Amino acid sequence: GQQLNQSPQSMFIQEGEDVSMNCTSSSIFNTWLWYKQDPGEGPVLLIALYKAGELTSNGRLTAQFGITRKDSFLNISASIPSDVGIYFCAGLSGGSNYKLTFGKGTLLTVNP
Amino acid sequence: DSGVTQTPKHLITATGQRVTLRCSPRSGDLSVYWYQQSLDQGLQFLIQYYNGEERAKGNILERFSAQQFPDLHSELNLSSLELGDSALYFCASSSKGSARETQYFGPGTRLLVL
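Just so it is clear, the model here is predicted, and its values are computed rather than measured.

Trainee: Break down the pairing of strand β11 (residues 106–111) of chain A for me, with residues and values.
Mentor: Residues and elements named next belong to chain A. Of the two faces of β11, the one lined by Thr106, Leu108 and Val110 is fully buried and the one lined by Leu107, Thr109 and Asn111 carries no buried residue. Relative to β11, strand β9 (residues 85–92) is paired through three bridges, and the arrangement is antiparallel. If you follow Tyr87 over to β11, its bridge partner there is Thr106.

As structure tokens, then:
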């Protein structure tokens, strides 16, 4: 089946630093989503991307839908301690059959 | 708080047993999704229901089944449990179940099979 390769697996950064993570796939996706999961909670949608080349921001978060439709990245600027968590990318290949494929996640640790 | 509720929060059972996980979607949402999250497989989509009908199927084992009831709550039944079924099971809901809608995730049920 479809697989998403998400990197890095984990990141340890200092408060105030910028962060970048990305997902790549061998398959084309029509939608890319980025989620954050806090400990003991379910994933929460951060950003949704629907068109190749689309660049979307949500506060300090910026994500882009790659031109090839096989990749996406998420940037977090000026990180703060509450950015700690696991970030997941997810792709949707389209059609009426709704099947989200998730990356394995990036564990972000922010040192104050 | 996403508005999606799941019970129980934790479940410990033995191999070979059967369990039922319950999900109540956000008020007004017609579609429910089930996901499994494990360390080795990550987050995997299992199945989607819309207004009582199955709409999409993912990597759901034949030992697992789900249904959505007239009041829109959903249950995920896991039978003949194996050690490898230990995982976090999430339910999510959305308004009409279309691809572009935000899914709101519940807090999950943590299943431990001993």
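Trainee: Hey, could you go over the packing of aromatic side chains for me, with residue numbers and the actual values?
Mentor: This structure, assessed with the given rule, holds nine aromatic pairs over all chains. Seen in terms of ring centroids, A:Phe102 and B:Tyr35 are 5.6 Å apart; in terms of plane orientation they differ by 90°. Their pairing is edge-to-face. Of this pair, A:Phe102 sits in strand β10 (residues 100–102) while B:Tyr35 is found in strand β4 (residues 31–38), placing the two residues in two different chains. According to the relative accessible area criterion, A:Phe102 is buried, its value standing at 7%. A relative accessible area of 0% means that B:Tyr35 is categorised as buried. Relative to B:Phe45, the ring of B:Tyr35 lies with its centre 5.7 Å away and its plane at 65°, an arrangement referred to as edge-to-face.

Trainee: Tell me about the state of the cysteines, and please be specific about residues and values.
Mentor: Here the structure, examined in full by the defined rule, presents two disulfides over all chains. Linked covalently through their sulfurs, A:Cys23 and A:Cys89 form a disulfide whose S-S length is 1.7 Å. The sign of the S-S torsion, about -80°, decides the handedness of the disulfide formed by A:Cys23 and A:Cys89: left-handed. Taken together, the residues span a long stretch of sequence, with A:Cys23 in strand β3 (residues 19–25) and A:Cys89 in strand β9 at a distance of 66 residues. Residue B:Cys23 pairs covalently with B:Cys91 via a disulfide, S to S 1.8 Å. Handedness of the B:Cys23-B:Cys91 disulfide follows from its S-S torsion of about -45°: it is left-handed. One end of the pair, B:Cys23, is in strand β3 (residues 19–24); the other, B:Cys91, is in strand β9 (residues 87–94), and 68 residues separate them in sequence. B:Cys23 sits in the buried class, given a relative accessible area of 0%.

Trainee: Explain the nonpolar core to me, using residue names and the numbers behind them.
Mentor: Counting 21 residues, the largest nonpolar core has A:Trp32, A:Trp34, A:Leu74 and A:Leu108 as its most contacted members. Residue assignment for this core shows that the elements contributing at least two residues are β2 (10–14), β3, β4 (31–37), β5 (44–49), β7 (61–65), β8 (71–76), β9 and β11 of chain A. Excluding its chain neighbours within four sequence positions, the residues that come into contact with A:Leu74 are A:Val19, A:Ser20, A:Met21, A:Trp34, A:Leu46, A:Ile47, A:Leu61, A:Thr62, A:Ala63 and A:Tyr87. Listed in part, the 20 residues of the second largest apolar core include B:Leu21, B:Cys23, B:Phe64 and B:Val113.

Trainee: Give me the lowdown on the sheet that holds β8(A), citing residues and values where you can.
Mentor: All names here are of chain A. Reading across from one edge, β1-β3-β8-β7-β6 is the order of the five strands in this open sheet, with antiparallel pairing throughout. Edge positions in the sheet fall to β1 (4–7) and β6 (55–58), since each has one partner strand and no second. Taken pair by pair, the neighbouring strands of this sheet meet at an average axis angle of 15°, ignoring direction. Strand direction decides the pairing type here: β1 and β3, joined by four bridges, are antiparallel. Pairing of Gln6 across the sheet is with Cys23, part of β3.

Trainee: Any chance you could break down the sheet that holds strand β8 (residues 74–78) of chain B for me, citing the residues and the numbers?
Mentor: Residue and element names in this part refer to chain B. As summarised here, the arrangement of the four strands in space is β1-β3-β8-β7, forming an open sheet in which the pairing is antiparallel. The open sheet is flanked by β1 (5–7) and β7 (64–68), the only strands paired with a single partner. The average undirected angle you get between the axes of adjacent strands in this sheet is 15°. Here β1 runs beside β3; their pairing, made up of three bridges, is antiparallel. Residue pairing in the sheet places Thr7 in a bridge with Arg22 of β3.

Trainee: Help me get a handle on the environment of A:Gln6, residues and values and all.
Mentor: All names here are of chain A. Mapped onto the elements of the fold, Gln6 is located in strand β1. With near-sequence residues (within four places) excluded, Gln6 lies in contact with Met21, Asn22, Cys23, Trp34, Tyr87, Phe88, Cys89, Gly103, Lys104, Gly105 and Thr106. Side-chain polar atoms of Gln6 contact the backbone nitrogen of Gly105, separated by 2.9 Å. Within polar-contact distance, the side chain of Gln6 engages the side chain of Thr106 at 3.2 Å.

The rules we used
Residues numbered from 1 in each chain as written. Chains lettered and ligands numbered in written order. Predicted model: local features only at pLDDT ≥ 70, side-chain atom pairs only at ≥ 80, totals over all residues. Heavy atoms only, no water. Buried < 20%, exposed > 50% of the residue type's maximum accessible area, 1.4 Å probe, protein only. Helix = DSSP H or I, 4+ residues; strand = E, 2+ residues; numbered from the N terminus. Pairing = 2+ DSSP bridges. Phe/Tyr/Trp six-rings, centres within 6.5 Å; stacked < 30°, edge-to-face > 60°. Disulfide = S-S within 2.5 Å. Core = buried A, V, L, I, M, F, W, Y, C linked by side-chain atoms within 4.5 Å. Contact = heavy atoms within 4.5 Å. Axes fitted to C-alpha atoms, helices over the stretch in contact; angles between N-to-C directions. Polar contact = N/O pair within 3.5 Å; in protein donor to acceptor, adjacent residues only side chain to side chain.

In short, the description is geometric, and any link to function would need to be established separately.
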